[in-house]
Amino acid sequence: MAALPTQFGEALSAVEPDEDAAHAQVAHAQVSKVLEGDERLRGLGVDPLLIGSYKRHVSIKRVKDVDVFARLTKADGSLRPGAILDHVADILGVAFPGDVERQHRSVKVDFPDYDLSVDVVIARPCGDHWEIPQRIEEDGRARWVETNPTKMTELTTAANKSFLLYDDDDDSGVYVRIVKLVRQVRRTWVNDQPGGYYFEVLTYHAFQELQPDEKTVAAYLTRILRRIAEMLPDHVDEGPVDPTLPDKTIKTKATAEQIQAAADQMTKAADLAEAALGEEDRCVAAVKWRQLLGRTQNTEVPEDVFPLPDYCNADGTTKNRSVIKGALAVPAGQDRYA
């Protein structure tokens, strides 16, 4: 079995959005300061919160946009989202001249120096969760849709504490790592739709159903990919259950044909993962893992996410030990005990 733990650790580092994360924090802070400084929004109890994959620590390189959830804690049913979005666009337009765009349901602020944007989404209370505009008409009226993004953050944290690589190490949570790798597999194997959050939800359900207890990242990833491939055909007509709102389902822009195409592709990806995990030759396995995880996307120079061990050639053959760097006296190790 070729789990290649050292290479999986490096693959996770390769998709980590380190620089984007720092930029996202700065952009979020600047936008929040403007929102909290406005008198009208303060009267509505504005309480901005960073949400999305970045907040849940499951984003991968590159992060092109982050979401600010502008909770208006004192807003009631009389609030016209069109009018308040116009107001938000106006005050942000003053603070960030030329970089603000009023969108259908949110306000977008570009940070060109970071190649990053912030989407400001307004929200009003709805019981113990929130509602955001689903569609805003020309007169400012809107239909509202329930949402609970803070709950997804809580579920992610709980899952990462529940599923561990090492039973005696509470810091060895594997759930977040697998979500990142599943997102990378989706980018490599699926054409655009369904999106990353859709696959994150499928990953969450797969963990809850399987309750996996594996000892390597490779084994976890392989089991979860197979379950996702099995689940996708069941959601051609309707998305998976929203884990934050059990009586709701996840909406997607994907058509039925795109869901089926994604299912076909994820079946191939799961087949490849199983072949890599079961491969006895570690170099052959490494090439399969590299094919599964593809290359970084939206980066200046796309790079292979999965590194090959030093003793492997790119075609999956093993290098001549006598010419391996640093192996003049002792043959290089094969990462069996990393």
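The model shown is predicted, which means the values in this text are computed figures rather than measured ones.

About the cut-offs
Residues numbered from 1 in each chain as written. Predicted model: local features only at pLDDT ≥ 70, side-chain atom pairs only at ≥ 80, totals over all residues. Heavy atoms only, no water. Helix = DSSP H or I, 4+ residues; strand = E, 2+ residues; numbered from the N terminus. Expected span 1.5 Å × (residues − 1). Buried < 20%, exposed > 50% of the residue type's maximum accessible area, 1.4 Å probe, protein only. Arc of directions from axis to C-beta. Contact = heavy atoms within 4.5 Å. Domains from an automatic or database assignment. Buried area = accessible area lost by both parts, 1.4 Å probe. Core = buried A, V, L, I, M, F, W, Y, C linked by side-chain atoms within 4.5 Å. Phe/Tyr/Trp six-rings, centres within 6.5 Å; stacked < 30°, edge-to-face > 60°. Disulfide = S-S within 2.5 Å.

Caption draft 1: A look at helix H2 (residues 18–37). Taking 1.5 Å per residue as the helical rise, H2 with its 20 residues ought to reach 28 Å, and the 29 Å between its terminal C-alpha atoms agrees with that figure. Of all the residues in H2, the buried ones are Asp20, Ala21, His23, Ala24, Ala27, His28, Val31, Ser32 and Leu35. All buried residues of H2 lie within an arc of 160° about the axis, which places them on one face of the element. Along H2, exposed side chains directed more than 90 degrees from the buried face belong to Asp18, Glu19 and Lys33. Those residues of H2 that are buried lie in contact with helix H3 (39–43), strand S1 (46–51), strand S2 (65–72), helix H4 (81–95), strand S4 (107–111) and strand S5 (116–126).

Caption draft 2: Seen up close, the domain arrangement of the protein. Examined at the domain level, the protein breaks down into domain 1 (18–147) and domain 2 (151–278). One C-alpha centre belongs to domain 1, the other to domain 2; they are set 28 Å apart. Every contact between the two is made by twelve residues of domain 1 and, on the other side, 13 residues of domain 2. For the pair domain 1 and domain 2, the summed buried surface comes to about 1000 Å²; carbon and sulfur atoms form 59% of the total.

Caption draft 3: The nonpolar core, seen in detail. Within the largest apolar cluster, 65 residues are counted, with the highest numbers of intra-cluster contacts made by Ile178, Leu232, Trp289 and Leu292. Put simply, the parts of the chain that give this core at least two residues each are helix H1 (5–14), helix H5 (149–162), helix H6 (175–189), helix H7 (196–210), helix H8 (217–231), helix H9 (256–278) and helix H10 (282–293). Other than its neighbours up to four places away in sequence, Trp289 contacts Ala2, Leu4, Phe8, Ala218, Thr222, Ala273, Ala276, Leu277 and Phe306. Grouped together as the second largest cluster of nonpolar side chains are 31 residues, Ala21, Leu35, Leu44 and Val107 included.

Caption draft 4: Seen up close, the packing of aromatic side chains. Applying the stated criterion to the full structure yields ten aromatic pairs. Between the aromatic rings of Phe8 and Phe306, the centroid separation amounts to 5.0 Å while the plane-to-plane angle is 75°, which identifies the pairing as edge-to-face. With a gap of 298 residues between them, Phe8 in helix H1 and Phe306 in the segment after H10 connect regions that are remote in the sequence. Here Phe306 falls in the buried class, since its relative accessible area comes to 0%. Each residue in the set Phe163, Tyr175, Tyr204, Phe207 and Tyr220 is aromatic and connected to the rest through ring pairs, giving one cluster.

Caption draft 5: Molecular detail of unusual backbone geometry. Cis peptide bonds are those with omega within 30 degrees of zero, and the linkage from Lys61 to Arg62 qualifies with -5°. Among the secondary structure elements, Arg62 is positioned in the loop between S1 and S2. A cis amide bond links Gln193 to the next residue, Pro194, at an omega of 0°. As for its position among the elements, Pro194 is in the loop between H6 and H7. Even without being glycine, Asp192 reaches a positive phi, approximately 65°.

Caption draft 6: Representation of the state of the cysteines. For the structure shown, the criterion picks out one disulfide. Here Cys283 engages in a disulfide with Cys312; their sulfurs sit 2.1 Å apart. Of note, the bridge from Cys283 to Cys312 carries an S-S torsion of about -85° and is left-handed in sense. Taken as a pair, Cys283 in helix H10 and Cys312 in the segment after H10 lie far apart in primary sequence, 29 residues in all. Here the two residues Cys283 and Cys312 agree in accessibility, since each one is buried.

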